[in-house]
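Take a look at the letters that make up each chain.
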Amino acid sequence: MRTEAAERQKLACEVHDQVGQTLALCRMQLGELTRDLGGAEIPPSLGAVCGLVEAALKDARSLMAELSPPLLRELGLAAALQNMGEQQAQRFGLVVRVSVGLGRKPLPEKVVQLVFRSARELVINVGKHAAAQVVQVGLHVEAGELVLTVEDDGKGFRTRRQVEAADGGFGLWSIRERAVYMGGGLKVSSRVGKGTHVVLHLPLAQQRRNA
């Protein structure tokens, strides 16, 4: 997981230095071109290209943030989760409520990475598949364990197979395998018409010993 985080940060830097800067330069040159028109009407094709460059630049910035969220490095897990909730709420038209209650002891980097990426994966799954209106994301410490919960009021599922099929099976499988490897687990509860409730738990003492 540490290697993956480092690779993600490296890739985000490459997107910024190569794709992002090239698109920013294109935007500047297009701006100069439109100013050179001297108030004349901008041709529709030029306006369309300007719009495409702006959209591509926005997508590149979004990709950089998803690969290696700057808030996660700069301000920590709680702020990064709040920001993630706001972004996904805007993306999918959801109400995303995030509640974080952690102790003062810092969490190991591998735990921070797992919790953040798991929370984002689960919220995105809700936005794509659940037909939900509200998503509740909670992170707290309970009985010596770090507990992440993601609950939605969507259409729910009848069987575990349907739950896993909603994200191709890989997303939940990956989260569960990583949690189990770190001594924790993942539980998915769902009922048709009653939404879905996902709980990821990790024993904190074990994570700090192995940090």
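The shown structure was predicted, so the numbers you read here are calculated from the model rather than taken from an experiment.

## Remarks on the confidence of the model for the protein chain
Inference 1: Per-residue confidence for the protein chain gives a mean pLDDT of 82; residues scoring 70 or more make up 85%.
Inference 2: In the model of the protein chain, helix H6 (residues 160-165) stands out as the element of lowest mean pLDDT, 52, in contrast to strand E1 (residues 95-101), which has the highest, 95.
Inference 3: The low-confidence segment residues 165-169 (pLDDT under 50) makes seven contacts with residues lying over four places distant or belonging to another chain.

## Some thoughts on unusual backbone geometry
Inference 1: Of note, Ala131 is a non-glycine position whose phi angle comes to about 55°, a positive value.
Inference 2: Along the chain, Ala131 turns up in the loop between helix H5 (109-130) and strand E2 (134-142).
Inference 3: Judged by its relative accessible area of 65%, Ala131 is exposed.
Inference 4: Despite not being glycine, Ala143 has its phi angle at roughly 50°, a positive value.
Inference 5: In this fold, Ala143 is placed in the loop between E2 and strand E3 (145-152).
Inference 6: Given a relative accessible area of 81%, Ala143 falls into the exposed group.

## Brief notes about the pairing of E3
Inference 1: Most of E3 sits out of view: six of its eight residues are buried.
Inference 2: Two elements, E2 and E3, share eight bridges in a ladder whose sense is antiparallel. Bridging from a neighbouring strand, Val141 pairs with Leu146 of E3.
Inference 3: Two elements, E3 and strand E5 (residues 195-203), share eight bridges in a ladder whose sense is antiparallel.

## Quick notes on the nonpolar core
Inference 1: Counting 36 residues, the largest nonpolar core has Leu77, Leu81, Val115, Val135, Val137 and Leu202 as the members making the most contacts within it.
Inference 2: For this core, the secondary structure elements donating two or more residues are helix H4 (77-92), E1, H5, E2, E3, helix H7 (170-181) and E5.
Inference 3: For this core, the element with the highest residue contribution is H5, accounting for ten residues.
Inference 4: Contact partners of Val115, with chain neighbours within four places excluded, come to Leu77, Leu139, Leu146, Leu148 and Leu202.
Inference 5: Among the nonpolar cores identified, the runner-up in size contains five residues, and Val15, Leu23, Leu57 and Ala60 belong to it.

So, how was this worked out
Residues numbered from 1 in each chain as written. Predicted model: local features only at pLDDT ≥ 70, side-chain atom pairs only at ≥ 80, totals over all residues. Heavy atoms only, no water. pLDDT = per-residue confidence, 0-100. Helix = DSSP H or I, 4+ residues; strand = E, 2+ residues; numbered from the N terminus. Contact = heavy atoms within 4.5 Å. Buried < 20%, exposed > 50% of the residue type's maximum accessible area, 1.4 Å probe, protein only. Pairing = 2+ DSSP bridges. Core = buried A, V, L, I, M, F, W, Y, C linked by side-chain atoms within 4.5 Å.

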